[in-house]
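Listed below are the residues making up each chain.
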Amino acid sequence: MFFLYALGGAALALFAADRLLPAPLARASLALERKRSGLTLRHASLPYLDSGTGKEVLVLVHGFAGDKDNFTRIARLLAPHYRVIIPDLPGFGDARRDPDAKHDIATQVENLRAFMGELGVQRFHMGGNSMGGFIAAEYAARHPEQVASLWLLAPAGTDAAYDNPTFHTYLAGGGMPLLVPGPRDFETLMASCMAKPPFFPYSLKHVMARRAVADYGLHCAIMRELLDSPMLRVAIETPALIVWGTEDRILSPKGAAATRALMPDARLIMMEGIGHLPMLEATRRTARDFLDFQLTLDGQSGQKRECA
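Here's what I pulled together on the structure shown here. (Residues numbered from 1 in each chain as written. Predicted model: local features only at pLDDT ≥ 70, side-chain atom pairs only at ≥ 80, totals over all residues. Heavy atoms only, no water.)

### Things to note about the pairing of strand 6 (residues 147-153)
Burial of strand 6 is extensive: seven of the seven residues sit out of reach of the surface. Note that strand 6 and strand 7 (residues 240-245) share four bridges and pair parallel. Each bridged residue has a counterpart across the sheet, and for Leu-150 the counterpart in strand 7 is Ala-240. (Buried < 20%, exposed > 50% of the residue type's maximum accessible area, 1.4 Å probe, protein only. Helix = DSSP H or I, 4+ residues; strand = E, 2+ residues; numbered from the N terminus. Pairing = 2+ DSSP bridges.)

Structure (C-alpha cells):
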C-alpha cells in the first residue's frame, strides 16, 4: 500500500512539474526520446540529430511547422540499419531565423546540399515529410548522383496535393492550421495533422505552441515562398517509396497518384486511417514498410530487417 502511495505521489509531482516547469520538462523529455533512439544533437551549418553509425546514410527532412524531432521516434527503428541524420531547416526548429533569407524549395535544397558537403557525405538515402518530401524529391531531381533512394511521406510538390479544403481556404484569403497566430490555435494544428496522434506531454505541447506563435510572421512569409516554388514537373528516376495517409487533412491524398506519375521507379502505399504524419501516427508500420522497400532495392527479398 505504501509503495502504491509513493508511486502516486511521484506521479502527482511529475504531473505538477509538467505544468509548472514546462520548458525544462520539455527539454528533458526530448533528451530522453533522443537518447532512447541513439541520437546525438550536433551542429554544423544546420543543427541536426545523428545516430553516428551505419554503413549507409539516411537523411530525413521535416515538414512545414515541424522540426528534426518529428523523426526521433521512428529513428529508433531505423538507426540499427542506417546512420540517421535529421537536420532542422532554416526557419524551423533550432535553426537560424533570418527574415531576409530565402526559404523557397530550391534554396532549401541548396542548404541541404551544402550541409551534406560539410559532413562529407556524398551518397545517401533521403526521406521527407510534406514540405520535406517536396525538398527531397527536388534534391533528387537536381542531384540524382547523390540520392540512392527516396522515401516520401505525404510530400508536397504537385497541384493535386494542394487540392483540398485546407489550401482552398488559405488561397482564398483565410487561415490555415500550419500557421499558428495564438496558443489555442496550436491544438488546431495538432488535430489537423494527425488522425491518430500519439501521447505528447503538456510541457512539450506548451513549448511547441509558444515557438509556433513566435514564428507566425516568418512562417506566413515562408508559406508564400513555398507556394510560389515551381511544382515537381520532370521525371525522377530515383527509386522511391511514396506513403500517404487516407485521412490526411493538410495535403490531399490525391497527391499520391500525381507524385507516383512523376516517378517511374516508385512504389505507393496508402495507409488507411492515418493522417499527415505517418511516422508519428503509425511509427512501427511506417518503419517496417521502409525497411521492406529497401530490401527490394538490395535484392534481399528472402531476408527480413526487423524493427527492434
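### Observations regarding the environment of Lys-196
The topology assignment puts Lys-196 in the loop between helix 7 (185-193) and helix 8 (202-214). Each C-alpha atom, one on Lys-196 and one on His-276, is 9.8 Å from the other, the two residues being 80 residues apart in sequence. Other than its neighbours up to four places away in sequence, Lys-196 contacts Gly-273, Ile-274 and Glu-281. (Contact = heavy atoms within 4.5 Å.)

### Concerning unusual backbone geometry
We note that Ala-65 has phi near 70 degrees; this positive angle belongs to a residue other than glycine. Note that Ala-65 resides in the loop between strand 3 (57-61) and helix 3 (72-78). According to the relative accessible area criterion, Ala-65 is partly exposed, its value standing at 30%.

### A few points about the packing of aromatic side chains
Per the counting criterion, the structure on display carries six aromatic pairs. Here Tyr-48 and Phe-115 contribute two aromatic rings whose centre-to-centre distance is 5.1 Å and whose plane-to-plane angle is 70 degrees, an arrangement assigned as edge-to-face. A residue pair is termed long-range when its members are at least 10 positions apart, and Tyr-48 in strand 2 (residues 47-50) and Phe-115 in helix 4 (residues 105-119) qualify at 67 residues. Both rings, one in Phe-124 and one in Tyr-139, keep their centres 5.7 Å apart while their planes meet at 70 degrees; by these two values the pair is edge-to-face. Here Phe-124, found in strand 5 (residues 124-129), pairs with Tyr-139, found in helix 5 (residues 131-142); they are 15 residues apart in sequence, far enough to count as distant. (Phe/Tyr/Trp six-rings, centres within 6.5 Å; stacked < 30°, edge-to-face > 60°.)

### Here we look at helix 4
With 15 residues, helix 4 ought to run about 21 Å at 1.5 Å a step, and its terminal C-alpha atoms sit 21 Å apart, in line with that. Inspection of helix 4 places Ile-105, Gln-108, Val-109, Asn-111, Leu-112, Phe-115 and Met-116 among the buried residues, and these make up the whole buried set. Buried residues in helix 4, looked at end-on, bunch into an arc of 160 degrees, giving them a common side. Elements that come into contact with the buried residues of helix 4 comprise strand 2, strand 3, strand 4 (83-87), strand 5, helix 5 and helix 9 (216-228). For helix 4, the N-terminal cap is Asp-104; the gap from its side-chain oxygen to the backbone nitrogen of Ala-106 is 3.2 Å. Two residues or fewer after helix 4 comes Gly-120, characterised by a positive phi angle close to 75 degrees. (Expected span 1.5 Å × (residues − 1). Arc of directions from axis to C-beta. Polar contact = N/O pair within 3.5 Å; in protein donor to acceptor, adjacent residues only side chain to side chain.)

### Some points on empty space enclosed by the protein
Which parts of space are left empty comes out when a probe the size of a water molecule is rolled across the atoms. Applying the stated rule across the entire model yields one cavity of 30 Å³ or more. In this model, the largest cavity occupies a volume close to 40 Å³. Together, Phe-64, Ser-130, Met-131, Ala-156, Tyr-162, Phe-167, Leu-178, Met-223, Leu-226 and Leu-251 line the largest cavity. For the lining of the largest cavity, the per-class residue count stands at nine nonpolar, one polar and no charged. (1 Å grid on protein atoms, 1.4 Å probe; cavity = no way out; pocket = protein on both sides within 12 Å on 5 of 7 lines; lining within 4 Å. Points joined across faces, edges and corners; volume = space filled by probe spheres on them. Nonpolar A, V, L, I, M, F, W, Y, C, P; charged D, E, K, R; others polar.)

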